[in-house]
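Architecture at a glance
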Amino acid sequence: MSVLPLVFTSGWASGINAYAVVLLLGVFGATGLSDEVPGALQRTDVLVVAAVLFLCEVVADKIPYVDSVWDTVHTVVRPVAGAVVAALLAGESGSLPEIAAAAVGGSTALMSHLVKAGTRMAVNSSPEPFSNVLVSIAEDLGVAGIVTFAIFHPVVAAVIAGALLLAGIVVVAFLASRIRRFWRRRAQRREEKRLAGAAGPQWPTE
């Protein structure tokens, strides 16, 4: 069970930014900083693809409303990535069955993804764009810091990740009303655009 804390932490981080997790773990393994990273994550092609997708996420994640669309697309990607990374970590260590590790990593990634997506909906309800950028930067730094910390202190990092996940769930529950208003406004805008398109151009009459 020695790899379980790292599995949990990588799952939590994957729910926020799966590409950063793959990139960081791969770099740590390729540079010899960790023996826990499987060879599949250290491959050059995997690192290049992860780096490109990470840069795409860095940009998309800081644009209001675009970030919510990006989160919607990644509702499946992040949990799957969390499950795959967890299974690879378990297979490398041999201390935890891969199926169990995938279940832990995937479910944790799904929960943290839902927290992230819900928080962004609430942030996007604010008229100014700066809070969106600040939240995104905090997420990026948090993922990088905790994944790095997990390589050297996996148990402590897992405790921190668990506390952040619990705190995020509480925050999303507290902001539920703002999230509902966000969805109502989006639905109203779509309806207004639909009605405007159905009406067509209005020509002046004599």
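Right, let's walk through the structure included here.

Definitions and limits used
Residues numbered from 1 in each chain as written. Predicted model: local features only at pLDDT ≥ 70, side-chain atom pairs only at ≥ 80, totals over all residues. Heavy atoms only, no water. Helix = DSSP H or I, 4+ residues; strand = E, 2+ residues; numbered from the N terminus. Buried < 20%, exposed > 50% of the residue type's maximum accessible area, 1.4 Å probe, protein only. Areas by Shrake-Rupley, 256 points an atom, 1.4 Å probe, with all protein chains shown as cover. Lys, Arg positive; Asp, Glu negative; His and termini not counted. Charge placed at Lys NZ, Arg CZ, Asp CG, Glu CD. Axes fitted to C-alpha atoms, helices over the stretch in contact; angles between N-to-C directions. Left-handed = near helix turned anticlockwise from the far one by under 90°. Contact = heavy atoms within 4.5 Å. Parallel < 35°, antiparallel > 145°, perpendicular 65-115°, else oblique. Nonpolar A, V, L, I, M, F, W, Y, C, P; charged D, E, K, R; others polar. Polar contact = N/O pair within 3.5 Å; in protein donor to acceptor, adjacent residues only side chain to side chain. Patch = residues over 30% accessible without salt bridge, like charges linked within 9 Å, V, L, I, M, F, W, Y side chains within 5 Å. Salt bridge = Lys/Arg side-chain N within 4 Å of Asp/Glu carboxyl O. Core = buried A, V, L, I, M, F, W, Y, C linked by side-chain atoms within 4.5 Å.

**Side note on the overall build of the protein**
Regarding its fold elements, the protein presents seven helices and zero strands. Along the protein, helices (α) and strands (β) appear in the sequence α-α-α-α-α-α-α when read from the amino end. Structurally, the protein occupies a C-alpha span of about 80 × 35 × 30 Å along its principal axes. The buried share of the protein, reckoned over its 206 residues, is 41%. In the structure as shown, the protein presents an accessible area of about 10,800 Å², 73% of it carried by carbon and sulfur atoms. Charged side chains in the protein number 15 positive and 15 negative. The centres of these two groups are separated by 12 Å.

**Focus on the packing of helix H1 (residues 4-30) against helix H4 (residues 98-124)**
Running from N to C, H1 and H4 point in directions that differ by 35°, and their axes come no closer than 7 Å. Note that H1 runs across H4; the crossing there is right-handed. Residues Leu-4, Val-7, Phe-8, Gly-11, Trp-12, Ser-14, Gly-15 and Ile-16 of H1 form the contact with H4, whose participating residues are Ala-101, Val-104, Gly-105, Thr-108, Ala-109, Ser-112, His-113 and Lys-116.

**Examining the packing of H4 against helix H5 (residues 130-152)**
One can describe the packing of H4 onto H5 by two numbers: an axis separation of 9 Å at closest approach and a directional angle of 155°. The orientation of H4 with respect to H5, classified from their angle, is roughly antiparallel. Taken as a pair, H4 and H5 cross one another with a handedness that is right-handed. Two secondary-structure elements touch here, H4 through Lys-116, Arg-120, Val-123 and Asn-124 and H5 through Ser-131, Asn-132, Val-135, Ser-136 and Glu-139. The residue inventory of the contact of H4 with H5, partitioned by class, reads two nonpolar, four polar and three charged.

**Here we look at the side chain of His-74**
Relative to the assigned elements, His-74 resides in helix H3 (residues 66-93). Of note is the side chain of His-74, whose polar atom sits 2.8 Å from the backbone oxygen of Trp-70. With near-sequence residues (within four places) excluded, His-74 lies in contact with Tyr-19, Glu-57, Pro-79 and His-113.

**Details of unusual backbone geometry**
The phi angle at Tyr-65 is positive, at roughly 75°, despite the residue not being glycine. Looking at the element boundaries, Tyr-65 is found in the loop between helix H2 (44-60) and H3. Judged by relative accessible area, Tyr-65 falls into the partly exposed class, the value being 34%.

**Thoughts on a positive patch on the surface**
Taken together, the side chains of Arg-178, Arg-180, Arg-181, Arg-184, Arg-185, Arg-189, Arg-190 and Lys-193 make up a positively charged region of the molecular surface. Turning to its location among the elements, Arg-180 is positioned in helix H7 (residues 176-199).

**Structural notes on the nonpolar core**
With 37 residues, the main nonpolar core has Val-7, Trp-12, Leu-25, Val-143 and Val-147 as its most contacted residues. Only H1, H2, H3, H4, H5, helix H6 (154-174) and H7 provide two or more residues apiece to this core. No other element matches the 11 residues that H1 contributes to this core. For Val-7, the residues in contact, after removing those within four places along its chain, are Ala-86, Leu-89, Leu-96, Ala-101, Val-104 and Gly-105.

**Things to note about the pattern of salt bridges**
Tallying each qualifying case throughout the model produces nine salt bridges. Asp-140 is paired through a salt bridge with Lys-62; the nearest N and O atoms lie 2.8 Å apart. Of this pair, Asp-140 sits in helix H5 while Lys-62 sits in the loop between H2 and H3, placing them 78 residues apart in sequence. Accessibility assignment for this pair places Asp-140 and Lys-62 in one class, buried. When the shortest N-O distance is used, the salt bridge between Asp-71 and Arg-78 registers 2.8 Å. We note that Asp-71, like Arg-78, is buried. Through salt bridges with shared partners, one network takes in Asp-61, Asp-67, Lys-116, Arg-120 and Glu-139.

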